[in-house]
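# What the coordinates show
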Number of protein chains: 2
Amino acid sequence: MDCLLKEAVLDRMEDFTVTERKAAHALLSNYPILGLGTVAQFADAAGVSSPTILRFVARLGFPGFSDFQTRLRQELETQLRSPLDRSSHLPNQTAGDPLVERIVENVRETFAGLPKGELDSLVRLLADERRVIHLIGGRFTDALARYMAAHLRIVRPNVNHVAGQEGNWLDQLIGMGSKDVVIIFDIRRYQSELIEFARSAAAQGATIVLVTDTWMSPIVKVADHVLPARIAVPSPWDSATALLALSEVLIAGVTQHNPDRSHARMKALEGLRNDRDPISKSRRGTPDI
Amino acid sequence: MDCLLKEAVLDRMEDFTVTERKAAHALLSNYPILGLGTVAQFADAAGVSSPTILRFVARLGFPGFSDFQTRLRQELETQLRSPLDRSSHLPNQTAGDPLVERIVENVRETFAGLPKGELDSLVRLLADERRVIHLIGGRFTDALARYMAAHLRIVRPNVNHVAGQEGNWLDQLIGMGSKDVVIIFDIRRYQSELIEFARSAAAQGATIVLVTDTWMSPIVKVADHVLPARIAVPSPWDSATALLALSEVLIAGVTQHNPDRSHARMKALEGLRNDRDPISKSRRGTPDI
DNA sequence: GCAAGTCTGTACTTTTTATTACAGAATTGC
DNA sequence: GCAATTCTGTAATAAAAAGTACAGACTTGC
């Protein structure tokens, strides 16, 4: 066994047909367990038919499925026998790219560095549907605000993405009060207009939630909740991945804070929209402005 | 799975008959691989007959040998999935939220599961400024397209975010040809309009880059490059974090593929825009449509 | 736009594998 | 040391899974 079967699969990905590639990815996503069951289970997990699985292993050079399984078991055996150099084989193919390593580390550390209970209290705040939630971001981070708004809007009412020209923002400020929550994504280089917006909203009594980097946007001064995330990576750019992860945890939290309401709304919207999963007709939801 | 099967075997060693104990020891000495083959192999390795193996697993409380195997596979899966808490005896920090753990793991595995060289060749493709790059995404993933476009636009010319109403998309399709690259973000539930868009673009000769989940959008059929990412998390929603990480790696790659050009453009744009770092006057860049 | 070729799933056959019945061997208790 | 009981393997059976042939769907090339 010179090298892991996993790598052979990756290398030869080109050679596979479309469905075989599905099989390959299914296997890689649950390697090597998926290959240790029956052909039918494998096929099912990959969403293809049994013969495709057989063709897949045949293309990998195995005379039969059993030979393939034997090989997987052998690999597993040698790996489990030497738990030490497993680290060099299994999880860390990623070791190559320091950028990836750093992104992963950033996400982990972001959550590790979060004040305890901060997430919980925020979820409670955002799950309160009497509140009106406004989301806004900077040049790059506005995409995050948009992403979060798209989800929150589904599980609860009164979600507003503050978008468009700077001038329009002012309109949104009118009538803001203590019932309003403003979620601001702002990482360096902090934009003065965002600061202005935050100040004005705070002045009118709105609750300010700031998602920022560890250097902290000046908005902290007027913020009620602050989530600092790691953004530094070995690249000319900053990484927003940890910010997105934070958003997703919040979204999941709000969704499950009131599962019934969320589910009901999701169902209702699914009815309105004729989305399709694999097949059917549909119309795209209006992109939010 | 309250406790490892291994321990159950040790506990109940007393209850076994002589040959069953042989089976038990054979299993423990090559746990769990020995249990993953056939009954005959197991029997052979233990130096007993097949029925003894069957009686052994029956005594452990399994209705059949397959149930026993399923259990072993499940154990193995949970162990391999969380390479982190394998070192659970060491001081464990982040152990808190399984959602966070999974997100982190997804990012790592996404890169581990990428065909070798795929990222490199993609970076080369995207760094070619004679190409025109179009980005588009689905209901949630459009935010990612937007994020990536915002960055790419800075380091190279000819970047276009396909946004707005579905009808407008058609306009963008006009005149697309072999010089065009279309980056599509599409995770389940795949949207039929995106598929249409991809098909049309491909039909006109455009190069299709698909960023999707491991189940693979139907767009793979017309795609020239496919980046599958892990999106499954213990939440009603899917996680786009790994997709964002992919985007950031691509962005960084393109930026550094031609550092001089990138730097020059960044400087030039900084001149045009009066952004401020901590202090100065500014005007917000026009949000892209 | 059509034909040749490739891919993919359904339905079937063959083989393997799990399971069971039973009889002989071993063990235990007296 | 003998009988009752338990244990164990052989051999037959039933279940399943692997493997195959083929036809329809889809691509690809001209």
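Refer to the structure printed above.
The numbering scheme is per chain: residues are counted from 1 as the chain's sequence reads. In the order they appear in the text, chains get letters beginning with A and ligands get numbers beginning with 1. A pLDDT threshold of at least 70 governs which residues receive local features in this predicted model, and a stricter bar of 80 or more applies before side-chain atom pairs are shown or counted, although totals over entire chains, interfaces and linings include all residues. Note that water and hydrogens are dropped before the side-chain values are worked out from all heavy atoms of the structure.

## Digging into the protein's contact with DNA strand D
Distances are taken per atom, and a residue is near a molecule or strand as soon as one of its heavy atoms is within 4 Å of it. As a structural note, the neighbourhood of DNA strand D is formed by 15 residues, with Val-39 and Phe-65 of chain A together with Thr-17, Thr-19 and Thr-52 of chain B the closest of them. In DNA strand D, the atoms that sit within 4 Å of the protein are 62% sugar and phosphate, with bases accounting for the remainder. In protein, a polar contact means a hydrogen-donor-capable atom and an acceptor-capable atom, both N or O and within 3.5 Å, with residues adjacent in sequence counting only if both atoms are side-chain atoms; elsewhere, any N or O pair within 3.5 Å suffices. Here a phosphate oxygen of DNA strand D and a backbone polar atom of Phe-65 of chain A are 2.9 Å apart. Residue Thr-52 of chain B places a side-chain N or O atom 2.7 Å away from a phosphate oxygen belonging to DNA strand D. We count a stretch as a helix when DSSP gives it H or I for four or more residues in a row; a strand needs E for two or more, and each element gets its number in order from the N terminus. At the level of elements, α3 (39-46) and α4 (50-59) of chain A together with α2 (18-29) and α4 (50-59) of chain B are the ones that each hand at least two residues to the surface near DNA strand D. Sorting elements by how many residues they give to the surface near DNA strand D places α4 of chain B first, with 3 residues.

## Let's talk about helix α11 (residues 241-257) of chain B
For α11 of chain B, with 17 residues, the first-to-last C-alpha span of 24 Å sits near the 24 Å given by 1.5 Å per residue. Counting buried residues in α11 of chain B gives 14 out of 17 residues, a clear majority hidden from the surface. Take the number of residues in a helix, subtract one, and multiply by 1.5 Å to get its expected span. Per-residue accessibility, obtained with a 1.4 Å probe over protein chains only, is compared with the maximum for each type, and a residue is labelled buried under 20%, exposed over 50%, and partly exposed between these values.

## Thoughts on the protein's contact with DNA strand C
What surrounds DNA strand C is a group of 14 residues, the closest being Thr-17 and Thr-52 of chain A together with Val-39, Leu-54 and Phe-65 of chain B. The sugar-phosphate backbone supplies 68% of the atoms of DNA strand C found within 4 Å of the protein. In this structure, Ser-49 of chain A approaches DNA strand C through a side-chain N or O atom, which is 3.2 Å from a phosphate oxygen. Measuring from a base nitrogen of DNA strand C, one finds a side-chain N or O atom of Arg-55 of chain A at 3.1 Å. For the surface near DNA strand C, the secondary structure elements donating two or more residues are α2 (18-29) and α4 of chain A together with α3 (39-46) and α4 of chain B. For the surface near DNA strand C, the element with the most residues is α4 of chain A, which contributes 3 residues.

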